[in-house]
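What follows is each chain in one-letter form.
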Amino acid sequence: MSKDDKHNGFQKNLIKRGEEASKVRKIVAIIIVCFTLIIIIGGISGYIYINSALEPVDEDNSTQIEVEIPIGSSSSTIAGILEENGIIKDARVFRFYTKFNNVNEFQAGNYTFNTAMNMDEIIESLQHGRVIVDAVHTVTIPEGLTVDQIAEIYSKQLDFSKEDFLEVANDPDFIEKLMEKYPSLLTEDILDDEIRTPLEGYMFASTYDFYEEEPTIESIIDRMVEQTNSIFQQYEGEIAERDLTPHEAITFASVVEKETAHEEERPQIAGVFYNRMEEDIALQTDPTVLYAKGEHQAVVTFEDLEVESPYNTYVVKGLPIGPISNFAENSLKAVVSPEDSDYLFFLHDEDGNIHFAETFDEHVENREKYIN
């Protein structure tokens, strides 16, 4: 091969390598441009998304949403609660925003927010423990009340009648919806033909704030049942361990509730009732007689004790067919954690003190000593 041929071959290889290097540079440039565009687009999209997440979920909607922030909640927990309730769009943005702004102290408590609030307004409220909106109505439902009595209270404070409330409370279609919503609490037991009122005992005693001028009866009852469900779920495992159905547990709690107003006596009374059921002895509790009669009396007579009713525990053994009132949480707690004893009887004296006995003879002695 001549020198010229070698020289020409070298030039061709040099040109070829230059062309290949040029192609590589173009490919690299294209990749860099693509990555740059991706970063830019991603950054712009992220910026737009974050800005959007900081804005109200729905600035045209002022519907109030009640939220409870438990004591000791972290920013992550609070963010999750807010997102779950539809108050913010993205919990991650809330966490990033509060961390970026060095916001880390929030107040536990019950809040009322709405979807028209932006992130700064929500954070300010949480920092100062400030409820945004004052309640339009506040209604207190005491423990130990029947559905009829609850209806009476609401009818005096809100714009509907007692009859309207009871009609909704006993509406089969509405009850079916509640059963679908709270399946572990509201079982088929409440539909027994001999049950007087299906939701008796399931409307929890508490103070309720309403932020609407005219809340619907459906929303009121739903909220009360939801509260009962919340309490019930805390003891659901213990109820199952006691071999009680949800309906039996609620019924039991209502009977304990009506037997005494003193919290410390309730585990003792629950223990007596368990002992009587184990011995196949009727509970013989006067509040069930009064419920069976459907009227309030200061004194229960011997004639009253013979009233034929599945609620009358002088006639039927074991628990009545259903609850006889609503209940306080400590009554349900007494049912799952009764006090162990050998007592089978108890009575209250004129001062409200309770006296227990293991035998009927001792019980008679207590009656003679403290009542007769």
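Keep in mind that this is a model prediction, so the values were computed, not measured.

A.B. asks: Even after reading the chapter, I still don't get the UniProt feature "site: Important for catalytic activity" (unreviewed entry) in the protein, so can you show me in this structure?
C.D. replies: UniProt tags E259 as "site: Important for catalytic activity" (unreviewed entry). The topology assignment puts E259 in helix α9 (residues 246-259). The class for E259 is buried, based on a relative accessible area of 13%. Here E259 is in contact with I269, F273, T285, D286, P287, F346 and H348, once residues within four sequence places are set aside.

A.B. asks: Whenever I open this one, the pairing of strand β1 (residues 64-69) confuses me. Can you help?
C.D. replies: Regular strands place their side chains on alternate faces of the sheet. Where burial is concerned, the two faces of β1 differ: the one with I65, V67 and I69 is buried and the one with Q64, E66 and E68 is not. As judged from the six bridges shared by β1 and strand β2 (residues 109-114), these two strands associate in the antiparallel manner. Within the sheet, the bridge partner assigned to E68 lies in β2 and is N110.

A.B. asks: What is the right way to look at the nonpolar core in this model?
C.D. replies: Nonpolar side chains in soluble globular proteins generally cluster together in the buried interior. Membership of the largest hydrophobic core comes to 65 residues, with the highest contact counts inside it found for I141, Y154, F165, L186, M203 and I221. The greatest single-element share of this core, amounting to nine residues, is contributed by helix α8 (residues 217-241). What I221 contacts, discounting residues up to four positions off in sequence, is F165, V168, A169, F174, L178, L199 and M203. One finds F94, F113, M119 and I122 within the second-largest nonpolar core, a separate group that totals 22 residues.

A.B. asks: How should the packing of aromatic side chains be read in this particular structure?
C.D. replies: Two descriptors summarise a pair of aromatic rings, namely the distance from one centre to the other and the angle between the planes of the rings. Applying the stated rule across the entire model yields 14 aromatic pairs. Look at F96 and F100: their rings are 5.9 Å apart centre to centre, the planes differ by 20°, and that puts the pair in the stacked class. Separated by four residues within a single helix, F96 and F100 lie in helix α3 (residues 91-100), roughly one turn from each other. Judged by relative accessible area, which is 48%, F96 ranks as partly exposed. With relative accessibility at 63%, the residue F100 sits in the exposed group. Judged by centre distance (6.2 Å) and plane angle (25°), the rings of F160 and F165 are stacked. Comparing F160 with F165 shows no difference in burial state: the two are buried. Through a chain of ring-to-ring contacts, the aromatic side chains of F252, F273, Y274, Y343, F346 and F356 assemble into a single cluster. Over the ring of F210 we find R223, and its NZ or CZ is 5.0 Å from the ring centre. Sitting over the face of the ring of Y274, R242 holds its NZ or CZ atom 5.1 Å from the ring centroid.

So, how was this worked out
Think of each chain on its own: its residues are numbered from 1, step by step along the sequence as written. Only residues with pLDDT of at least 70 are given local features in this predicted model, and only at 80 or more are side-chain atom pairs given and counted; all residues enter the totals for whole chains, interfaces and linings. In computing side-chain properties, one takes all heavy atoms of the structure into account and sets aside hydrogens as well as water. UniProt positions are given in the numbering used here, feature names are shortened, and annotations may be inferred rather than shown by experiment. The way it works is that DSSP assigns letters per residue, a run of H or I at least four long becomes a helix, a run of E at least two long becomes a strand, and they are numbered from the N terminus. In this scheme, a residue with accessible area under 20% of its type's maximum is buried, one over 50% is exposed, and one in between is partly exposed, where area comes from a 1.4 Å probe on protein chains only. Contact definition: two residues touch when any of their heavy atoms are within 4.5 Å. For two strands to pair, DSSP has to find at least two bridges joining them. Only buried residues count toward a nonpolar core. Its members are Ala, Val, Leu, Ile, Met, Phe, Trp, Tyr and Cys residues joined through side-chain atoms within 4.5 Å. The rule is short: rings of Phe, Tyr and Trp, with Trp giving its six-membered ring, pair when the centres are within 6.5 Å, and they are stacked under 30 degrees, edge-to-face over 60, tilted in between. Throughout this description, the term charge over a ring refers to an Arg CZ or Lys NZ atom that lies within 6 Å of the ring centre and within 35 degrees of the ring normal.

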